[in-house]
Every structure is written in C-alpha cells, then in structure tokens.
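Topology and contacts: notes
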Amino acid sequence: MPDPVARDAAEEASALSHPAVAPDASLAYGDHPDQVVDFYAPRDGRAGAPLVVLLHGGAWRAPYDRWHVTPFADFLARRGLAVANVEYRRGREIPQQRGTGPVAGRWPETFDDVAAALDALPDLARRALPQADPRRTVVTGHSAGGHLALWAAARHVLPAGSPWRLPAPPALRGVVALAPIADFAHAVGLDLCGGAVRQLLGAEGEYEQRAAHADPAVLLPTGIATVVVQGRTDIVVPQAVSEAFVDAAAKAGETVGLTLLEEVGHFPLIDPAADACAVVAEEIAQLAW
C-alpha cells in the first residue's frame, strides 16, 4: 500500500507542474490589487457558453493565489466553458501568537471580496466574455475555494444583518465543491491545514459569532443544486469533512450530491493530467447545461 504522505506529495507536484495559462482578459472588481477576475473564453469559440466561476484554494493563505489553478481554468475552457478565475484577499504573512506560519484568511476582507466579485460578475462577464451566458452560471472551488463556493451560494440564508446577505437566492445553476472545507466543526477537530479555520475566524470569542456567518454546514438549506466531489484517499481535507456537510444538508431537508473517487487524493481534482479532473468537468457541465 503506498505511503499516503508520499502519494499526496506526488499528486500535488503533478497538479502544480503545469505552466500557468494567461487569461484572455482581466478586469478589476475593486481597488485592491487582489480584487481581480481573469477570464478564459471557450476554446471552441461557441456563443452562449455557461460561465464557470472558479475560486482557488490554498487554505485562504496569501502564498497561494489564483495562478496555480490557471491550467484547470484552461482545461474547462477547452471543454467549451467560459471561466472566471477570481482572486480575493487572503491571509497576511505575519507571525501569530501561537506560531510563525502565515495566517489563513482575512476577516472580513476575504468574504467582502468573494461577495463583491460574485455581485459584479454578470456585468464583468458581459464586458470581457461576450461568448458567456451569465444566466447559466456554476460556481466551483477547490479546498478553501470549495468552502467559498458553498458560502457564495448560501448568502441568502446568512443571519439577518449580515453585510453579505442577499435578499433572494443567487442566480446560479449550481455549485460543484471540490474537496471543500465544508464543515468547520469537523475541520477544527481534525486541525486541517495547520488550524486554518481558527485562523480564518479569529480567537475563541470571535469564532462562534463569525462561524454563524461563514460555516457552510450551518447555512442550510440553500435551495441551490450542490454537488461535492471528493477523493477517498485525500489526507488534506479528508472524506469525513465532506460527508459531515452532506449529512448536515440532509438534516436540513436538502439533498447534496456526493461523488467519491477511488484512489484519488486532494490535488487530482484540479490536475488536467488526472482522470479525476475530467470527472469534475463533467459534474460542472451537467449543472451548467
């Protein structure tokens, strides 16, 4: 049986080995350098292509930006989809009280940015990608980006008074969350990504209050078609986290699809060289078309 850590490292190396793919257009949705969306046109030139909004992962930490998912964005574009690759503000590279690693996320800026980007996207897409049909929008994201994708689809069920709350469900065909950090209680219990969830939400006194505005597992039901794609051998965001979210949805009266991939870890889901990536593209296309 292969060593799980060595296997994960090899899968990560493969996913990150592809050259970055430059976008066809880029537009800002704010004044900060990270408030930008890169657009990839469908490579077959079709008109009326569904729009895939892509939110990258990286534990909400600053060293990980949108460029590592540009080969995945290009992979989707080569399958006839229009893609909007969203950047957003992430954690700062500053020491913490209990460690020296980079901080995960910014509160509230990370959520400000995702909300602002999604609100601006229909207009931005019309300007940058006339081939895209914003009426057929699917949001996808990997890992921490999977969390943000689920959150973006749940803004209409945020607590009253939330600055990100929408008065009605967002106009989405659905969400495809890839190995998402989808249940914060389970993520904290497993100390995922070096305590990234607690870094994202802050100290103990802030955590509970903020989790009510940020944890997808408590923002249910959404009424938005949702699919989770998860590798069974993922040691970065284990299967149990996705299953906890799916169970929470069921208890809230909502069915969330769960596609489990055998002998697949965390990174093949965004690796154009991996069979798992084709499965992801098909899940997106099924909702988009």
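Bear in mind the structure is a predicted one, so any value in this text is a computation, not a measurement.

Rules used throughout
- Residues numbered from 1 in each chain as written.
- Predicted model: local features only at pLDDT ≥ 70, side-chain atom pairs only at ≥ 80, totals over all residues.
- Heavy atoms only, no water.
- Salt bridge = Lys/Arg side-chain N within 4 Å of Asp/Glu carboxyl O.
- Helix = DSSP H or I, 4+ residues; strand = E, 2+ residues; numbered from the N terminus.
- Buried < 20%, exposed > 50% of the residue type's maximum accessible area, 1.4 Å probe, protein only.
- Axes fitted to C-alpha atoms, helices over the stretch in contact; angles between N-to-C directions.
- Parallel < 35°, antiparallel > 145°, perpendicular 65-115°, else oblique.
- Left-handed = near helix turned anticlockwise from the far one by under 90°.
- Contact = heavy atoms within 4.5 Å.
- Phe/Tyr/Trp six-rings, centres within 6.5 Å; stacked < 30°, edge-to-face > 60°.
- Pairing = 2+ DSSP bridges.
- Expected span 1.5 Å × (residues − 1).

Attention now goes to the pattern of salt bridges. Summed over the entire model, instances satisfying the criterion amount to 17 salt bridges. Where Arg66 meets Glu87, a salt bridge forms, and the shortest distance between an N and an O atom there is 3.5 Å. Residue Arg66 is found in the loop between strand S3 (49-55) and helix H2 (70-77), and its partner Glu87 is found in the loop between strand S4 (82-86) and helix H3 (109-128); the two are separated by 21 residues along the sequence. Judged by relative accessible area, Arg66 falls into the buried class, the value being 12%.

Taken N-terminus to C-terminus, the directions of H3 and helix H4 (residues 144-152) make an angle of 60°; their axes are 11 Å apart at the nearest point. Classified by the interaxial angle, the pair formed by H3 and H4 is oblique. Pair H3 / H4 crosses with right-handed handedness. From H3, Thr110, Phe111, Val114, Ala115 and Leu118 reach across to H4, where they touch His147, Leu148, Trp151 and Ala152.

Applying the stated criterion to the full structure yields 6 aromatic pairs. Taken together, a centroid distance of 5.5 Å and an interplanar angle of 85° make the contact between Trp107 and Trp164 edge-to-face. Here Trp107 is found in the loop between S4 and H3, whereas its partner Trp164 is found in the loop between H4 and strand S6 (174-178), with 57 residues between them in sequence. A centroid spacing of 5.1 Å and a plane angle of 70° characterise the contact between Phe111 and Trp151, whose relative ring orientation is edge-to-face.

To continue, consider H4. With respect to burial, H4 is a largely interior element, 9 of its 9 residues being buried. For H4, the complete set of buried residues consists of Ala144, Gly145, Gly146, His147, Leu148, Ala149, Leu150, Trp151 and Ala152.

On the basis of which strands lie adjacent, the open sheet formed by 8 strands has the order S1-S2-S4-S3-S5-S6-S7-S8 and mixed pairing. Taken across any chain shown, the strands that pair with only one partner, and hence form the sheet edges, are strand S1 (25-28) and strand S8 (257-261). Taking each pair of neighbouring strands and ignoring which way they run, the sheet shows an average axis angle of 20°. Here 5 bridges tie S3 to S4, and the two strands are oriented parallel to one another.

For helix H8 (residues 239-251), which comprises 13 residues, the first-to-last C-alpha distance of 18 Å matches the rise-based estimate of 18 Å (1.5 Å per residue) to within 8%. Considered for burial, the residues of H8 that qualify are Gln239, Val241, Ser242, Ala244, Phe245, Val246, Ala248 and Ala249. Turning to H8, the residues buried within the fold contact H4, helix H5 (184-189), strand S7 (226-231) and S8. Immediately downstream of H8, the backbone of Gly253 shows phi near 90°, a positive value.

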